[in-house]
Amino acid sequence: AGPGSYTVGTMSERFDCHYCRDPLQGKKYVQKEGRHCCVKCFDKFCANTCIECKKPIGADSKELHFKNRYWHDSCFKCFKCYTSLVNEPFMLRENNKVWCSNCTAAEDAPRCKGCFKPIIAGDQNVEYKKMVWHKDCFTCSQCKQVIGSGSFFPKGDDFYCVSCHEHKFAKTCAKCKNPITSGGLTYQEQPWHSECFICSNCKKQLGGKRFTAVEDQFYCVECYKECVAKKCAGCKNPITGFGRGTSVVNYEDESWHDYCFKCTKCARGLANKRFVCHNGKIYCAECPKRL
């Protein structure tokens, strides 16, 4: 019983109904706030109104109340799933509607970006940038396979598994023609896997190191010196084009570092100067006259 409670019984004394003045002796009556009345008048003048069905809660009905709101016990059901909430936990929500704890949790739960259904406690889910999915709803935009908690690549509003992203977006290595999914490097505007951009001789990776390209083959400095570079006719060392002596002098079938191309007699540097070849040796223009 709630505020303004009442009792129901059968009158054994001589009392008249407070409202209609009919005798109550031997009849069912209701006593409320010190007044005795017949059941009919109680329903008409005293009964609380059910907040759900808007009908009076008669003396013969079971009444439930919460915060000055009243229900028939048969009307006290979850607004969402219609489960009876008599003796069950509930929540009073907007428009004076009562909800069971399960429906309340589902209503307040975040919504899956995929199926738009609530994600309730215990559900496996995936979160990304304030968005959330059921684990099985987080799928690849291309192949529609479940990504779940696996690796993925976002592209605008779409998400791709590793395989689909490779085929759809990744650059292709100039050597092996397979997608470059991470890292890699660029040479002459072409992409390469780091492990594909290697010395043709020793197979060491060349990324971040000095190298020389010869007819579409790449060589590290050491292998270029050893296997490819011409030998200077003067000092007999490789002409690499690295460091000192990047300029090369070529004459007939021989090559020199620019600093090695000098007069055999006076040792004057002859790079970019007139010279004379006599008996296979190089001289400045003056020294042959003194021989």
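The residue count restarts for each chain, going from 1 along the sequence in the order it is written. With pLDDT at 70 or above as the cut-off, local features in this predicted model cover only qualifying residues; side-chain atom pairs require 80 or more to be listed or tallied, and sums for whole chains, interfaces and linings still use all residues. Side-chain descriptors were evaluated using all non-hydrogen atoms of the structure, hydrogens and water having been removed beforehand.

A. Geometry of the overall build of the protein. Only runs of H or I of at least four residues qualify as helices and only runs of E of at least two qualify as strands under DSSP, and these elements are numbered from the N terminus. Check the secondary structure of the protein and you find four helices and 21 strands. Its C-alpha atoms put the protein at 165 × 30 × 20 Å along the principal axes. Only protein chains enter the area calculation, which uses a 1.4 Å probe; residues under 20% of their type maximum are buried, those over 50% are exposed, and those in between are partly exposed. Counting over 291 residues, the protein shows a buried share of 30%. For the protein, restricting intrachain contacts to residue pairs at least 6 apart in sequence, the fraction spanning at least 24 positions comes to 15%. Per element, the accessible surface of the protein, about 19300 Å² overall, is 46% carbon and sulfur. Charge assignment: positive for Lys and Arg, negative for Asp and Glu; neither His nor the chain ends contribute. Note on charges: their place is set at NZ of Lys, CZ of Arg, CG of Asp or CD of Glu. Of the charged side chains in the protein, 46 are positive and 30 negative; the average position of the first set lies 8 Å away from that of the second. Should any heavy atoms of two residues lie within 4.5 Å, those residues are considered in contact. Methods summary: accessible areas were calculated by the Shrake-Rupley approach with a probe of 1.4 Å, and residue burial reflects only the protein chains presented.

B. View of the pairing of strand 21 (residues 281-284). Whether two strands pair depends on DSSP finding at least two bridges between them. For strand 20 (residues 275-278) and strand 21, the ladder comprises four bridges, and the chain directions are antiparallel. Across the sheet, the residue bridging to Cys 277 is Ile 282, located in strand 21.

C. Main features of the domain arrangement of the protein. For the domains described, the bounds stem from an automatic or database domain assignment. Along its sequence, the protein is organised into domain 1 (47-105), domain 2 (109-167), domain 3 (171-227) and domain 4 (229-290). Taken over C-alpha atoms, the centre of domain 1 sits 76 Å from the centre of domain 3.

D. Representation of unusual backbone geometry. For Lys 236, which is not a glycine, the phi torsion comes out positive at approximately 70°. By the element assignment, Lys 236 lies in the loop between helix 4 (221-228) and strand 18 (248-251). One non-glycine residue with positive phi stands out, namely Asn 272, at about 65°.

E. Structural detail: the environment of Lys 77. Here Lys 77 is to be found in the loop between strand 5 (69-72) and strand 6 (90-93). Between the C-alpha atom of Lys 77 and that of Ile 119, which follows or precedes it by 42 residues, the distance is 24 Å.

F. Looking closely at the pattern of salt bridges. The rule for a salt bridge is simple: a side-chain nitrogen of Lys or Arg has to be within 4 Å of a carboxyl oxygen of Asp or Glu. Counted under the stated rule, the structure contains one salt bridge. Here Lys 97 makes a salt bridge to Glu 52, at a shortest N to O gap of 3.8 Å. Taken together, the positions of Lys 97 in strand 7 (residues 97-100) and Glu 52 in the loop between helix 1 (39-46) and strand 4 (63-66) put the pair 45 residues apart, joining distant regions of the chain.

G. Structural view of the layout of surface pockets. Both site types are read off a 1 Å grid over the protein atoms alone. A 1.4 Å probe that fits but cannot get out defines a cavity, while an open set with protein on both sides within 12 Å along at least five of seven lines defines a pocket; lining residues have an atom within 4 Å of a point. Grid points are joined across faces, edges and corners, and a volume is the space filled by probe spheres set on the points. Quantified by volume, the largest pocket comes out at close to 210 Å³. Along the wall of the largest pocket there are 14 residues; nearest its centre are Ala 233, Gly 234, Trp 256, Lys 262 and Thr 264. Going through the elements one at a time, strand 19 (254-257) and strand 21 are the ones with two or more residues in the lining of the largest pocket. Of the voids in this model, the second largest pocket is the one considered here, and its volume is about 180 Å³. Together, Lys 113, Gly 114, Trp 133, Cys 137, Phe 138, Thr 139, Cys 140, Ser 141, Lys 144, Asp 157, Asp 158 and Phe 159 line the second largest pocket. Partitioning the lining of the second largest pocket into residue classes produces five nonpolar, three polar and four charged. Residues are grouped as follows: Ala, Val, Leu, Ile, Met, Phe, Trp, Tyr, Cys and Pro are nonpolar; Asp, Glu, Lys and Arg are charged; all remaining types, including Gly, are polar.

H. A look at helix 1. Among all positions of helix 1, only Val 39, Cys 41, Phe 42 and Cys 46 are buried. Down the axis, helix 1 shows its buried residues gathered within 155° of arc, on one side only. Facing away from the buried surface of helix 1 by more than 90 degrees, the exposed residues are Lys 40 and Lys 44. Directions pointing from the helix axis toward each C-beta atom define the arc.

I. Examining the environment of His 18 more closely. When you line up the elements, His 18 lands in the loop between strand 1 (6-10) and strand 2 (28-32). In this structure His 18 comes out as partly exposed when scored by relative accessible area, which is 35%. With 19 residues separating them in the primary sequence, His 18 and Cys 37 have C-alpha atoms 5.2 Å apart.

J. Inspection of the pairing of strand 10 (residues 152-155) at higher detail. Pairing between strand 10 and strand 11 (residues 158-161): four bridges, direction antiparallel. What sits directly across from Phe 152, in strand 11, is Cys 161. Counting the residues between successive antiparallel strands, the hairpin from strand 10 to strand 11 contains two residues, one of them, Gly 156, with a positive phi of roughly 65°.

K. The arrangement of the packing of aromatic side chains in detail. Paired rings are identified among Phe, Tyr and Trp, the last through its six-membered ring, by centres lying within 6.5 Å, and are further divided according to the angle between planes into stacked (under 30 degrees), edge-to-face (over 60) and tilted (the rest). Per the counting criterion, the structure on display carries 24 aromatic pairs. Between Phe 138 and Phe 152 the ring centres are 5.1 Å apart and the planes differ by 85°, which places this aromatic pair in the edge-to-face class. One end of the pair, Phe 138, is in the loop between strand 9 (131-134) and strand 10; the other, Phe 152, is in strand 10, and 14 residues separate them in sequence. In this structure Phe 138 comes out as buried when scored by relative accessible area, which is 1%. Under the relative-accessibility criterion, Phe 152 is labelled partly exposed at 23%. Connected via pairs of aromatic rings, a cluster forms that spans Tyr 128, Trp 133, Phe 138, Phe 152 and Phe 159. Lying across the ring of Phe 169, Lys 155 places its NZ or CZ 4.9 Å from the centre. Whether a charge sits over a ring depends on NZ of Lys or CZ of Arg being within 6 Å of the ring centre and within 35 degrees of the ring normal.

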